[in-house]
Amino acid sequence: MEQGLMLKVFDSRMKKVYRMELEEYVKYAVASAMPADFPMEALKSQAVCCRTIAVRRMRIFGGSGCTRYPEYDVCTDPGHCQGFSDKLGEIPESIKKAVEETSGLILTYNGNPVEALYHDTCGGYTEDSENVLGNKISYLRKVECGFCSDSPHYVTRRIITIKNLKKKLGVNFDSATGKEDIKGIFEEIKTTGSGRIKRIKVGDREFSGEEIKELLSINSNKLNWKVVAIALEIMGKGHGLGMCQYGARGMALKGQDFANILKHYFTGTEVEKIKMPSEDNPLIFKKIAVDPGKGSEDDLCGPMGLSEGFINYEMARVLREILSKEGAKVILTRNNNEKKDLMERIRVINDFDPDLFISLQQNFLKPDREGYVEIFYLPGDKEGKRLAECIKEAFISNLKVQAVSYEADLFLLRECKCPGVMIFTCNLNCPREEKRISEEKYRKNVAQTIFSGIILYYYGLTLK
Ligand SMILES: [Zn+2]
Ligand SMILES: [Zn+2]
């Protein structure tokens with residue numbers, strides 16, 4: 001994989017920042033997550049999980065960074081992003097090897113990196129995501145494990161006193177004192193007039209009071225009992241989501257490789273090489289919303305009757321095609337030439353949570369004003385401004401038209417939660433412009449030009 005995929009790690013305990021290569025980071029994450037003497041295939045499956053969690057957060061892959069410390073890609077809090085071994089420079093050989101042998105591999109679902117959660121021991125079955133996180137995630141399903149019974153945490157016992165139980169849970173109850181039955185333990189008690197035990201059934205055997213006194217070496221058979229402690233039997237350790245680490249160990253010992261281990265615990269996933277943005281797919285991991293302005297009903301038309309709604313939609317459709325082909329995920333705020341009011345279109349954009357949006361509109365100015373493309377961005381939106389300038393540059397150099405960019409406090413620009421621009425591509429009142437934009441070929445050129453502007457915005461490439 002390519003060098004220089006840098007990660008900004010925030011050490012939430014030491015309040016320190018590390019800048020390191022992704023593959024280097026993965027070694028420290030694995031060292032913190034799994035004992036170095038686990039079998040190689042288990043360590044490799046752990047390496048893929050740790051790498052996937054990091055990649056899913058990295059902005060270059062469309063992630064949003066660590067949500068608690070937004071300046072950084074990941075934090076080192078195991079309860080938030082992922083644990084990190086702070087023994088810098090001390091990575092065990094087995095872990096180095098596991099990371100190197102899986103270099104660049106991540107776990108994906110429908111082509112996207114998954115939230116590759118892991119836990120110590122599931123205790124027999126992993127858990128459905130909705131029972132822990134409150135929402136259903138297709139690849140975090142309950143699966144039978146059956147590989148973690150060697151774990152020291154498969155079943156653990158903890159004796160908790162009734163006093164402590166009451167205190168910790170903030171409850172109160174009568175923990176019984178006297179000669180009541182404890183089902184299955186003390187039953188069918190018969191006492192003498194003075195309160196001594198005459199006969200008692202313990203488990204499945206009957207004893208006399210004298211026998212009880214002898215066998216338990218107690219001073220008298222005049223006695224009461226009381227529940228003072230309870231032994232909890234705990235199955236597994238951790239949240240139970242995703243990969244069971246002791247299960248991974250068990251599978252590895254049975255000869256399964258890391259890919260099989262991962263696919264067992266993460267339903268419907270694939271192990272894939274990280275896809276980097278390249279000349280073939282420069283917009284991979286980018287999400288872009290395209291808004292084809294107004295729809296047909298309250299539509300305005302040029303002097304020849306060309307409708308704005310139609311032009312906006314046709315251009316948006318072509319732009320979507322181009323952007324998708326270059327790897328972006330694209331949503332249109334309306335389909336076909338339907339009418340959809342502004343609020344609804346804004347909602348589509350915000351629900352999609354894109355990296356940027358492009359709203360396409362046409363101007364209706366004086367008929368003799370021609371040759372201007374106008375691009376608007378919200379005052380104070382630095383990214384929107386840069387996007388507007390890049391698209392302006394593209395119009396000037398590609399289409400040889402005049403293009404201007406302005407800031408404007410427009411409702412759509414203000415209400416959308418991501419950077420974006422509104423582009424007025426022609427003056428539909430001008431007959432010459434109306435004719436030009438009625439041509440499919442010209443509209444395609446406009447869409448291609450906007451795409452060039454977006455590439456310029458992301459990569460600063462020099463355009464011809
Ligand atoms: Zn975090
Ligand atoms: Zn398990």
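Reading the values: rules and limits
Residues numbered from 1 in each chain as written. Chains lettered and ligands numbered in written order. Predicted model: local features only at pLDDT ≥ 70, side-chain atom pairs only at ≥ 80, totals over all residues. Helix = DSSP H or I, 4+ residues; strand = E, 2+ residues; numbered from the N terminus. Contact = placed C-beta atoms within 7 Å. Pairing = 2+ DSSP bridges. Axes fitted to C-alpha atoms, helices over the stretch in contact; angles between N-to-C directions. Domains from an automatic or database assignment. Core = buried A, V, L, I, M, F, W, Y, C linked by C-beta atoms within 7 Å. Buried ≥ 20, exposed ≤ 12 C-beta atoms within 10 Å, placed from the backbone.

**Describing the overall build of the protein**
Okay, so step 1: Across its full length, the protein holds 13 helices and 21 strands.
Okay, so step 2: Taken over the C-alpha atoms alone, the protein extends approximately 115 × 50 × 40 Å along its principal axes.
Okay, so step 3: Counted over contacts in the protein with a minimum sequence separation of 6, partners at least 24 positions apart contribute 72%.

**With respect to the sheet that holds strand E2 (residues 16-21)**
Okay, so step 1: Sheet architecture is open: three strands sit in the order E2-E1-E3, paired in mixed fashion. Taken across any chain shown, the strands that pair with only one partner, and hence form the sheet edges, are E2 and strand E3 (74-75).
Okay, so step 2: Contacts from helix H1 (residues 22-33) reach strand E1 (6-11) and E2 within the one sheet, and its direction differs from that of E2 by about 120°.

**Section: the domain arrangement of the protein**
Okay, so step 1: The domains assigned to the protein are domain 1 (6-149 + 237-273), domain 2 (152-175 + 227-236), domain 3 (177-221) and domain 4 (287-459).
Okay, so step 2: Taking only C-alpha atoms into account, the centre of domain 3 sits 88 Å from that of domain 4.

**Comments concerning the nonpolar core**
The nonpolar side chains of a soluble globular protein tend to be buried with one another.
Okay, so step 1: If you look at the biggest cluster of nonpolar residues, it comprises 60 residues, and the most contacted ones within it are Val-26, Val-30, Val-48, Cys-50, Ala-54, Leu-107 and Leu-262.
Okay, so step 2: With residues up to four places along the chain from it excluded, the contact list for Leu-262 reads Ser-45, Val-48, Leu-107, Met-243, Thr-269 and Val-271.
Okay, so step 3: In terms of nonpolar packing, the next biggest core, distinct from the first, is built from 48 residues, Ala-289, Leu-356, Phe-376 and Leu-428 among them.

**Regarding the sheet that holds strand E5 (residues 112-113)**
Okay, so step 1: Judged by pairing direction, the sheet is antiparallel, and its three strands sit side by side in the order E5-E4-E15 without closing on themselves. Across the chains shown, the open sheet's two edge strands, defined by having one partner strand only, are E5 and strand E15 (270-273).
Okay, so step 2: Along the sheet, helix H2 (residues 40-57) contacts strand E4 (105-109), E5 and E15; its crossing angle with E4, the most-contacted strand, is approximately 70°.

**Some thoughts on the pairing of strand E18 (residues 356-363)**
Okay, so step 1: With seven of eight residues buried, E18 is to be regarded as a mostly interior element.
Okay, so step 2: Bridging between strand E16 (residues 287-291) and E18 involves four bridges; their strand directions are parallel. The partner of Ile-288 across the bridge, within E18, is Leu-356.

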